[in-house]
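Spelled out, the chains give:
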Amino acid sequence: MMAKNGLSKVQKIIISVVAGVLGVLIIAGGAYCISTSQNPAEAAKSIFTANEEQIVGKWQSQKSPGLAAYVFYEDGTYDSYLSTAVFTGNYEIDGNKLILKNPSTAKEIIYKFSVNGKELSLTVIEENGVESELKDASKYDRVEELKQKSIADIINDIKAENESTTTEE
């Protein structure tokens, strides 16, 4: 028997379970955001955005800024930068695999990839049909503008870094 203005036992149980589940999701989401250094809005967006949409944009190498970068376009094409040299091709996404194809060289490389907020992680799985021995992920930051350097600039940066290291010793 249900009270006139009250909730039944079943309704109270359902509300308690839903509140408990929401509480767990909020705590788990907060822990995830802290561990991946994402703000909650970016984390929620990445959950509900397809991989194809997440990768579109400009990506600058974290380890070698100015040397390596990618630009992925909505039409399934990409530009790959090595210094100021540009290589173009087509890409496909199959789950967490990013397949880059260069039609002019008939080369293909397959990466395992993930996008966490403004960071792209790429790990080579296969290159031209051969399984890769490389297991380290390369990290790229989403940027508004690429800042590629010429080979001469990169060499000068390395020389300057080496000179400052030797003068400190």
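Note that this is a predicted model, so its numbers are computed, not measured. (Residues numbered from 1 in each chain as written. Predicted model: local features only at pLDDT ≥ 70, side-chain atom pairs only at ≥ 80, totals over all residues. Heavy atoms only, no water.)

Quick look at the packing of aromatic side chains now. Tallied over the full model, the rule gives 5 aromatic pairs. Three or more aromatic residues joined by ring pairs form one cluster here, namely Y70, F72, Y78, Y91 and Y140. (Phe/Tyr/Trp six-rings, centres within 6.5 Å; stacked < 30°, edge-to-face > 60°.)

Here we come to the pairing of strand β4 (residues 85-94). A regular strand places its side chains on the two faces of the sheet in alternate fashion. Relative to β4, strand β3 (residues 77-82) is paired through 6 bridges, and the arrangement is antiparallel. If you follow L82 over to β4, its bridge partner there is A85. Taking the residues between adjacent antiparallel strands as the criterion, β3 and β4 are bridged by 2 residues, where S83 takes a positive phi near 60°. The pairing of β4 with strand β5 (residues 97-102) spans 5 bridges and is antiparallel. Bridging from a neighbouring strand, D94 pairs with K97 of β5. Between β4 and β5, which follow one another and run antiparallel, lie 2 residues, and G95 among them has a positive phi close to 65°. (Pairing = 2+ DSSP bridges. Helix = DSSP H or I, 4+ residues; strand = E, 2+ residues; numbered from the N terminus.)

Scanning the entire structure with this criterion turns up 3 salt bridges. A salt bridge links K101 to E92; the shortest N-O distance between them is 3.0 Å. K101 gets classed as partly exposed once you look at its relative accessible area, which sits at 31%. According to the relative accessible area criterion, E92 is partly exposed, its value standing at 40%. Measuring nitrogen to oxygen at the nearest pair gives 4.0 Å for the salt bridge that ties K101 to E108. The exposure class of E108 is partly exposed, given its relative accessible area of 28%. (Salt bridge = Lys/Arg side-chain N within 4 Å of Asp/Glu carboxyl O. Buried < 20%, exposed > 50% of the residue type's maximum accessible area, 1.4 Å probe, protein only.)

Here the focus is the layout of surface pockets. Approximately 600 Å³ is the volume attributed to the largest pocket. Looking at the largest pocket, it is lined by 23 residues, and the ones nearest its centre are Y70, S80, I109, Y111 and E127. Looking at the lining of the largest pocket residue by residue, the class counts come to 14 nonpolar, 4 polar and 5 charged. (1 Å grid on protein atoms, 1.4 Å probe; cavity = no way out; pocket = protein on both sides within 12 Å on 5 of 7 lines; lining within 4 Å. Points joined across faces, edges and corners; volume = space filled by probe spheres on them. Nonpolar A, V, L, I, M, F, W, Y, C, P; charged D, E, K, R; others polar.)

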